[in-house]
Every structure is written in C-alpha cells, then in structure tokens.
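The primary structure of each chain is shown beneath.
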Amino acid sequence: MAHERRAVYALAALSAATFCYVTTEVLPIGLLTLIAPDLGRSRSEAGLLVTGYAVVVMIVALPLTRVTRRVPRRPLLAGALGVFAAATAVSAFATSYEVLLAARLVSATTNGVFWAVVFPVAISMFPANVRGRIVARLSIGNALGPVLGVPLSTWLGGQAGWRAAFVAMAVFGFVTCVAVALLLPSVTPQQQSAGDTGPIPDRPRFVVLLLATILAVTGAMGAFTYMTVFLLDVSGFAAASLGLLLFVQGSFGVAGTWAVGRVLDRFPLGVVLVLLGLLTAAMLGLYGVGASKALTVPLLAVAGMSFSSLIAGIQHRVMQVAPSTTDMASASLSVAFNFGLAAGSLIGAGLLATAGVRVIPLFGGLLTAVAIALLAGHEMSRRRGRNHKFDHSSWSVRPIPSRDAEKPPASSVRT
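Quick notes on the rules
- Residues numbered from 1 in each chain as written.
- Predicted model: local features only at pLDDT ≥ 70, side-chain atom pairs only at ≥ 80, totals over all residues.
- Heavy atoms only, no water.
- Helix = DSSP H or I, 4+ residues; strand = E, 2+ residues; numbered from the N terminus.
- Buried < 20%, exposed > 50% of the residue type's maximum accessible area, 1.4 Å probe, protein only.
- Contact = heavy atoms within 4.5 Å.
- Areas by Shrake-Rupley, 256 points an atom, 1.4 Å probe, with all protein chains shown as cover.
- pLDDT = per-residue confidence, 0-100.
- Core = buried A, V, L, I, M, F, W, Y, C linked by side-chain atoms within 4.5 Å.
- Salt bridge = Lys/Arg side-chain N within 4 Å of Asp/Glu carboxyl O.

A.B. asks: What should I look at first to understand the overall build of the protein in this one?
C.D. replies: Tallying secondary structure elements over the protein gives 15 helices and zero strands in all. The burial tally for the protein puts 53% of its 415 residues in the buried class. A fraction of 85% describes how many contacts in the protein between residues 6 or more apart in sequence connect residues 24 or more apart. Of the roughly 17100 Å² of accessible surface on the protein, 70% is carried by carbon and sulfur atoms.

A.B. asks: What's the story with the confidence of the model for the protein in this structure? I'm lost.
C.D. replies: A low pLDDT score tells you not to read the predicted coordinates there in detail. Mean pLDDT over the protein works out to 85, with 89% of the residues at or above the 70 mark. Ranking the elements of the protein by mean pLDDT puts helix α8 (residues 189–194) last with 46 and helix α12 (residues 268–289) first with 95. Counting contacts from residues 189–195, a segment whose pLDDT is below 50, to residues more than four positions away or on other chains yields 10 contacts. Of the regions scoring below 50 in pLDDT, residues 389–415 engages in 53 contacts with residues more than four places distant in sequence or in other chains.

A.B. asks: Looking at this model, I keep getting lost on the nonpolar core. Mind explaining?
C.D. replies: Grouped burial of nonpolar side chains is what soluble globular proteins tend to show. Of all hydrophobic cores here, the largest spans 56 residues; its most connected members are Leu14, Tyr21, Ile35, Leu77, Val118 and Leu184. For this core, the elements supplying multiple residues, two or more each, are α1 (2–25), α2 (27–38), α3 (43–67), α4 (73–92), α5 (97–124), α6 (131–160), α7 (162–183) and α13 (293–321). The dominant element in this core, judged by the number of residues it contributes, is α5, at 13 residues. Non-local contacts of Val118, meaning those with residues more than four positions away in its chain, are made with Leu14, Leu77 and Leu138. One finds Ala216, Val271, Val321 and Val357 within the second-largest nonpolar core, a separate group that totals 52 residues.

A.B. asks: What's the story with the pattern of salt bridges in this structure? I'm lost.
C.D. replies: Opposite charge on two side chains allows them to pair when their charged atoms are near. Taken as a whole, this structure holds seven salt bridges when the rule is applied. Arg41 is the salt-bridge partner of Glu98, the closest N and O atoms lying 2.4 Å from each other. Residue Glu98 is located in helix α5, and its partner Arg41 is located in the loop between α2 and α3; the two are separated by 57 residues in the primary sequence. In this structure, Arg69 and Asp327 form a salt bridge, with 3.9 Å as the shortest nitrogen-oxygen distance.

Written as structure tokens, this is what we have:
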C-alpha cells in the first residue's frame, strides 16, 4: 500500500513539474509589454525570449538525452528541475536583456531532457495495461499551463511587475524539485534499460507519426497563436470577454485530456485519428462560421479539447512504436513539437500580415487534415501490404506479457 501511494504522489509531482515547464516556456508572451520597456528593448526582441527557448530545445533535446541515458532518473529529473528553478530565479532578477536571455536558454537546455524522460519514468511505476491512462493523467499538468498558469502569471505581472511572475514560478519549481526528489522511486540504469523500449517498436510508424505531429502542431499553433485577434476582428467579441473565451478553450482541454485517458489504452491510434478529425472540423468551422458568436464558442471549446487531448494521445502512441528507447522517442517528439510551434507562429504571422487573420484557421485545418491523411493512409497501405490482414496493434492494444510484471509492488497501483 505504501508503494502504491508513493507512485500516485510521484505522478502528481511529475504532473506539477510539467505545469512548471509549460507555463514558464511561454511566460514572456503575456509579459512582453512589461519586459520590453523595463529592459530597454523592443517587443520583437522580447519575443525572442520564447523563440530562442524553442530553438534551444530543438537543438539539445536529442544529444543531451543520449548523453544522460545511463543517469538514474530520480537525480536526473530532480537536477533538471533544480537548474530550471535556479535559471528562472536568475531571470526574475536579471538587470539586462542579455542576462535574461541567457537564463532562459539555460532553462531551455533542461527542458529537452525533462520531456524526454518524464513520460517513460511515469509509466514505469504502473502496469502496462494502464499506460495510456497514466500518460493522460501526467498530461493534465500540460493542459493546466495555458488555462491556469499563464493567465495567473500574467495577472501577477500586471499587479506586481513582471519579475514577480518569474519569482513565483521559480519558487514553485523549487518546491516541485524537492517533491520529485523525495517521492520518485530509485531506479538503476540497468532497470531503466530493461523496461525502456516500446511494446510494438516500428520505425516507419514512428517516423510517420513525427511527421504528422509537425503538421498538426504547425496548423494548430498557427491558429491558436492569433486566436485572440480572430475573436476580436472576425467574431466581433469585446476585448473584455477574451479572458473568459480562452478559459473555455483551456478548461475543455483539461477535461478532454482527463477523459481520453479512459480509452487511450484500448484505441491508441484510433484516439489520435478521432482527435485530429475533431481539431480539423473545429478549425475549418471557425473559418466558415467564425463571424457567428454563437457558433464560435462551441468550436473554440472543441478545438481546445481536441488539441490538448491530442498531445497526450500522440505521446502515448510514440512510446508504443518507439523503434529503440522511449526516452529517445520522447526527445524526438519534443523536437517535432517545438518545430511545429515555431513554424506555426511564423507562418501565422505571415498570413496575418498578407491574407488577414480569417484565413489562419483554414490554414490550420488543412494541415491537420493532411496529418490525418498521412496517418490513415500509412496504416491502410500497411494492411494492403499484408494481404488485407487486420493489424490489431494499430488500433487497440491488449495487455501483453512484459517485463513490467517483474516490477516492484508499485506496479499494482490503480488510477
């Protein structure tokens, strides 16, 4: 019983850590108008605090994950959180733009390693037949970042200055670091490598999934980055209602992530395709009827729910088909996600300046539709290549004998 409770508490601590990383990565976006004049820089230069962060993650995620593969996971995760919290504290007291940027880039180096190992570590504490549920529970922290962390930090920055928001995240990061160090079970490098491969390794599926992720994230983030402009200029909402509308989008994302955990283990690929379909329908719907306030609100909720849930679904599927180890697969997914984030924001900015904000959801919906076609087309071609025999591992996964049966008592946890 003590092992069960510790695993559940450790999962909660790891989820809190994901909240820290997601919130802090995009924190400067809501504080641009405060950071820029205080440090004597333009808003575009302040925006590089987010862009530079994403670029560093893309560069260092894979090599750092490979270098740290033999490091025990508890000190690795606690150490990453410790450096992250320290860098965030330095950001809070930075006296120049250069110091702030350097601190952000240091924090970004820990981001790639953290996301590479946090999901494999979480699922290692629970039985194989609930891995999808564990991924979804851990992803609750991701979903709460945009709906709770960023708005609260932005509000705090407006009340007490932008530095106060960074101080708050540094303190929360240190607390989370201590919780992870105390609660996470000790795992030796030998134990890590024993249960660190995907249950159905498949390199072609893995590559196709990464490509679909880049397409989906590029399309979705292109739309979400400029959603407030769309709601103001196309839908005609008042500026005072934006906070409530974004809360609706984010809260449905949290609820959807929780709900997906109940079916993700049975239909891993099916869930991803359905969520991509919902996201596509929501994006195209916003393009078609976005001028109607009554129709925009439910479409915004569906878009938020499907995208947040999709992240959990893709993460779970990536670890299933990982061709080598789940940590390297997760690092590759982190690179793909950050590439899509940067590309979506950049392309969205270009569309905003040339074609107008109304076409941005159309761009997003078309890219997510291509992602669906890529995934579904690949599965159909595999089945045709196998004389039309149905490949059960593509759509649902039944519990299979694995080395998880040899894990300590924590593997009996119910969630």
